[in-house]
Every structure is written in structure tokens, then in C-alpha cells.
Amino acid sequence: MAVEHRVLLGIGVSSGTAHGAIAVVSPAPGVDTHEPRTDDVDAATQQVSDALETVATSLLERAEHASEKAQEILNATAKMARDRGLKKAIVKELKNGSGLTRAISDAIQKYADMFIELGGYMAERATDLYDVRDRAIAVARGLPMPGIPELSEPSIIVARDLAPAETATLDPDKALGIVIAEGGPTSHTAILAAQLGIPAAVRVGKVVDFATLAQAEGATMALDGGVGEVIIAPSQEDIDLLTERSEQREAALADSHGVGMTYDGHRVALLANIGTADDAKRAAEKDLEGSGLFRTEFLFLGREAAPSVEEQTEVYKTVFEAFGKRRITVRTLDAGADKPLKFADLGEEENPALGRRGVRLTRIREDLMDSQLEALAAAYKATGADVRVMAPMIATMEEAQWFADKARAVGLPSVGIMIEVPAAAINSAQLLSIVDFASIGTNDLAQYTMAADRMQGELASLLDVWQPAVLRMIRSACQGGTATGKYVGVCGEAGGDPLLALVLTGLGVQSLSMAPTKVGAVRAALKLHDLSTCQQMAAYAVDAPTANDARAAVEKLIHPDVKFLI
Ligand code: PEP
Ligand code: MG
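Presented here is an overview of the structure given in this document. Nothing here was measured: the structure is a model prediction, and the numbers come from that model.

1. Here's the deal with the environment of Gly147
Part 1 of the reasoning: Turning to its location among the elements, Gly147 is positioned in the loop between helix H6 (126-141) and strand S4 (155-159).
Part 2 of the reasoning: A C-alpha to C-alpha distance of 25 Å links Gly147 and Glu4, two positions 143 residues apart in sequence.

So this is what it looks like as C-alpha cells:
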């Protein structure tokens, strides 16, 4: 079935252009709630055997073309699908009368619980079991295999939504682009895509019926992750236009090198946001001044058990060594809300974003904070790197003091807080009086200032950092820095937006941390403007009545070449 030419506009979250084949990500199917109970156990057992064997074979086939590391995982998962004990456990459920998919689901859950109970390596394998479950249920229900399909050729990944853990496993050489129907611009999936340097757009809406797209032979798509444009079945003219845009951008970035500074030499450090040791190695090869945000929770997404101090120390050493003498700002575990960690689960919450996430969680699970700080201190001592450590979601002096005391007690040299809760932005002078620096997380600061869930793409206009109320919060955070002589940076997504970067500079922000692929455009934008223009832009934006007015006021002052940087 052919798909029709269509142009859709979403929100660009990772610039760059791409065109090519489409790979549709099917969601995990779940239990068939309408299935009958099992009467004929023999027939159902045969169906289970067939489903598990199909899963095993497809995983092994996939392993043949996979990287060494992926091969190991795929082979181990296939082995699990062929595990006799597992099959027996499913048959037991069938004998109790459970329907086919219910039996698969319940038996595998019991198995997974056993693995989790054992802890350590075995607990990690529970994730593979869930993978077997989802695949076996898909086969039993005659639905497409869930998850990111095997990419036989470089393709654009199209999904209703992607979990951060799925995005993190994407191979940047095979994933040409990411198109997400839902999601928001500051969701962690969008952030990860930018970090991997894969062009991406979110909130693309009905990317077309997923089933149609999944079955369409040879369907192609083009994407401009800067402006968020997605073209289904693009014409040659569309592709030429995208190529032209991409060439203009490359030309505009060709001379973007060295430290960040305005036209008149006002320095703004340009830093990388990273989430893994591999990110650190990739980022450290780039022309940037260090890392302003190491999201350590990304190391542990999808893990069943807390990593040991030794394991953490090794990862931190690798990250610190990658940056050599350049600074590295580590954020302690920020689990909760859209980054649930199984080993740090405090149970269901009505409003997880307003619940026990970030530092609130580690105040309860102090063991997690203590072991992380111990590992960070050990890695710092072993490498002598320029390490700065900050805690997420700080709202009160007690929280800041609690964290600062702990971090200083283990000998960490520079201790800071993230400003992402309005309370912290308003009280930044007091908070900064007891720590060494602050970094503004504009993603959460926008979410909490505007009371708009950052996961809810429909609220994207409220979550816009151009909202004058959000800009005023940022100004207040910066004023605290000026009053105390302490350093204030930005590490939310706003830091990687060339126009907002100018406004933030005008508000007094001293460093901007972003996906490494965004550094070139921000550096070029800064170089085109002097500090007083940035300050003028900031004054206009903060005083504007609406987000659109704020942006329009700033656009009047920008250098015309900025348009090539978006
Ligand atoms: C932020 O909130 O802006 C931030 C940098 O933290 P995260 O996006 O990881 O919540
Ligand atoms: Mg945050």
C-alpha cells in the first residue's frame, strides 16, 4: 500500500536533516483482555511453544547483523525464550485455566520477581524476560513485534512515543532521524535524541496511521529536526530543499570554533549535557569547554538493582578522564517522574512530577546519595579532574545544606544546586550563600513556573521558556548569583537554542550546557552579537506581555545570519 505525500509540522528538538526509509516502533501489546480461558491445554501449550520459538529465532536472526554488545544481549534473550523452566511455568498457568496471553504474562512476571529477588546480575535479566514476554504476546496475538525494529538499512524511526531507555539504545549510525507523534520538547526522549546527534521532531501529531505506515512497502520520509518539519513520501524537490537548508547551515557553522564569547569578548562557557560514559567520550572529542550536566540517572535507567560503589566509580572515572582538564558537572541521581528507576521506587504517586523525585527521593533513600557521593569522591581522587557536583530539584535551604554537607564531607571540591523549582529561583541568593554554584534547569523551571506537565506535548506553548514569567524566574536566579558573587549557569534545553542563548547571556548566565551537537550554532550566534545587545534583548523579553511578543522583540535585534543557525 502506498502512502501519500504529506507535510507535517511538529517541534524540532535536534537539528539536522535526514531522509530515508521508515522504521515504525510498535508498542508492547499487553494481555488480550477478551481472550477465552484455556480449555484445551495441549493446543494452548503448542501455541506457547510456537510463539516462544518464533521469538527465539527472530532474536537470533537479528543477532547475526548486530554489534558485538547487542549480539550478546540478543543471544541471551533468545536463550531465555527457549528456557524449559519458563515454558513449564507458562503451561502451569494454562492448566489453571488462564488464557494464552494472560498465562504468558503471569508466568513471566513470577519468573522476573524471582530474578529481582536474587539481585545483582540476575535482577538485571528481568528486563530481558519482559522483552520475551512482550514479543511472545505479540506473536500470540498476531501483532507486530514491539520495540524498535531491526534496522536493515539506515532509517527514520517513527513512534507514538519512545521511552528514554529505548532511545538510549539507538545506534546513531542506523537511526537517521526520530519522529515522535506525541512527547514534548523537553521530554527526556527528545533530550537523548539531541545528545546522540540524531535529527528529531516531536509532537508531529498523527504521523499517519501507524499500522498503515508499518505495512507500507518502501515508504520514505524526510525530516528537518531544526524546524520540526516532517514530509511523508517526499518528492525530489522536497529533498533538494532540505539538502540546501542543511548546506546553508553547515556553511554558517564552518567558522564556529573555540571558547564561547560574544562579539565583544564577554565569555560564556559552552558545555555538553551528557548521560553516559559513551556520551562523555563523544562529547569530549568536540570543541567545547567541558560538561555542564552529567545526568547520572541515565546510567541506570532500566536497571533492576542499584549499581555498586565500585561500578559507579569506574564509570565516573571514565567520564572524568574523557574530559581531561575540562570541567565536568555531575548531577546526583534525579530519579522519578518520567525517569523511574526500579531500584528507587517509592510506590505509586498521584502526581509524580510533584512527588518524591530528585533530591526528595535521595533524602528518603539516603543510601543512594551516600553511595553515589562515595563513588564520585573516589573517582575525583583517582583522576584529579575539575569535578563539580550538584543536586536536582532543590527547593529549600535545608535540602541545600543537607546535600552540601554530605558532598563536602567526602571531599568533593565544588558543590552546587540545580535551580528548577520556582522556590529556588526566588530564593537563589539565600541558597547560593551556602553552596558554590547553581545551574538553572529551564525544563523543570518552566514546568513548575507554569504548572504545565513537561510530558504533555499539548501544553508545549505554556512550557515555552519564552514565557515572560519563566524568563523572570531565570532573572531572579541570576540576580542571586550577582548578589553573592556565585556562578550561575543554564543546563536545560533553552541553553541550546541560539536565540534563547542570547537572552540568557543578557540575563547574566555564565555558562550554557546543551546537547553537544548544538554547541556550534550557539557559539556562532553569540559571536554575532555584543553583550549590550544581549542585555537589551533580555530586557525586552522579560518585559514583554506574552511569549510571542518576547520572541518577536528579540528577533528585531538579531543579526540576519542567525536564521541559518536554526
Ligand atoms: C531541567 O530540568 O532543565 C534539567 C536540565 O533537568 P532534566 O531535564 O534532566 O530534568
Ligand atoms: Mg530537571
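2. Some points on the pairing of strand S9 (residues 269-274)
Part 1 of the reasoning: When you tally the buried positions in S9, you get six out of six residues, the bulk of the element.
Part 2 of the reasoning: Burial of S9 is two-sided: the residues Ala269, Leu271 and Asn273 facing one way and the residues Leu270, Ala272 and Ile274 facing the other way are all buried.
Part 3 of the reasoning: Judged from the four bridges that link them, S9 and strand S16 (residues 511-514) form a sheet pairing that is parallel. Directly across from Ala272, in S16, lies its bridge partner Met514.
Part 4 of the reasoning: Note that S9 and strand S10 (residues 290-295) share three bridges and pair parallel. Across the sheet, the residue bridging to Asn273 is Leu293, located in S10.
Part 5 of the reasoning: Where the polypeptide runs from S9 across helix H11 (residues 277-284) and back to S10, its parallel neighbour, the crossover connection is right-handed.

3. Topic: unusual backbone geometry
Across the chain, the bulk of peptide bonds are trans and the bulk of non-glycine residues have phi less than zero.
Part 1 of the reasoning: Even without being a glycine, Arg203 presents a positive backbone phi close to 55 degrees.
Part 2 of the reasoning: Along the chain, the position of Arg203 falls in the loop between strand S6 (200-202) and helix H9 (210-215).
Part 3 of the reasoning: On the basis of relative accessibility, which here comes to 22%, the residue Arg203 falls in the partly exposed class.
Part 4 of the reasoning: In the Ramachandran plot, Ala451 falls in the positive-phi region, its phi being about 50 degrees despite a non-glycine side chain.
Part 5 of the reasoning: The class for Ala451 is exposed, based on a relative accessible area of 72%.

4. Looking at the site of ligand 1
Part 1 of the reasoning: By nearness alone, 17 residues border ligand 1, and Arg295, Arg331, Gly441, Asn443 and Arg454 come closest of all.
Part 2 of the reasoning: In the model, an oxygen atom of ligand 1 is placed 2.8 Å from a nitrogen or oxygen of the Asn443 main chain.
Part 3 of the reasoning: Here Arg454 contributes a side-chain N or O atom positioned 2.8 Å from an oxygen atom of ligand 1.
Part 4 of the reasoning: Considering ligand 1 on its own, with 290 Å² of exposed area, one finds that the protein chains cover 100% of that surface.
Part 5 of the reasoning: Those elements giving two or more residues to the shell around ligand 1 turn out to be helix H8 (188-196), S10 and helix H18 (442-450).
Part 6 of the reasoning: With three residues, the top contributor of residues to the shell around ligand 1 is H18.
Part 7 of the reasoning: For the shell around ligand 1, the residue count by class is four nonpolar, five polar and eight charged.

Conventions we followed
Residues numbered from 1 in each chain as written. Chains lettered and ligands numbered in written order. Predicted model: local features only at pLDDT ≥ 70, side-chain atom pairs only at ≥ 80, totals over all residues. Heavy atoms only, no water. Helix = DSSP H or I, 4+ residues; strand = E, 2+ residues; numbered from the N terminus. Buried < 20%, exposed > 50% of the residue type's maximum accessible area, 1.4 Å probe, protein only. Pairing = 2+ DSSP bridges. Right-handed = clockwise from strand over helix to strand, strands pointing away. Near = heavy atom within 4 Å. Polar contact = N/O pair within 3.5 Å; in protein donor to acceptor, adjacent residues only side chain to side chain. Areas by Shrake-Rupley, 256 points an atom, 1.4 Å probe, with all protein chains shown as cover. Nonpolar A, V, L, I, M, F, W, Y, C, P; charged D, E, K, R; others polar.

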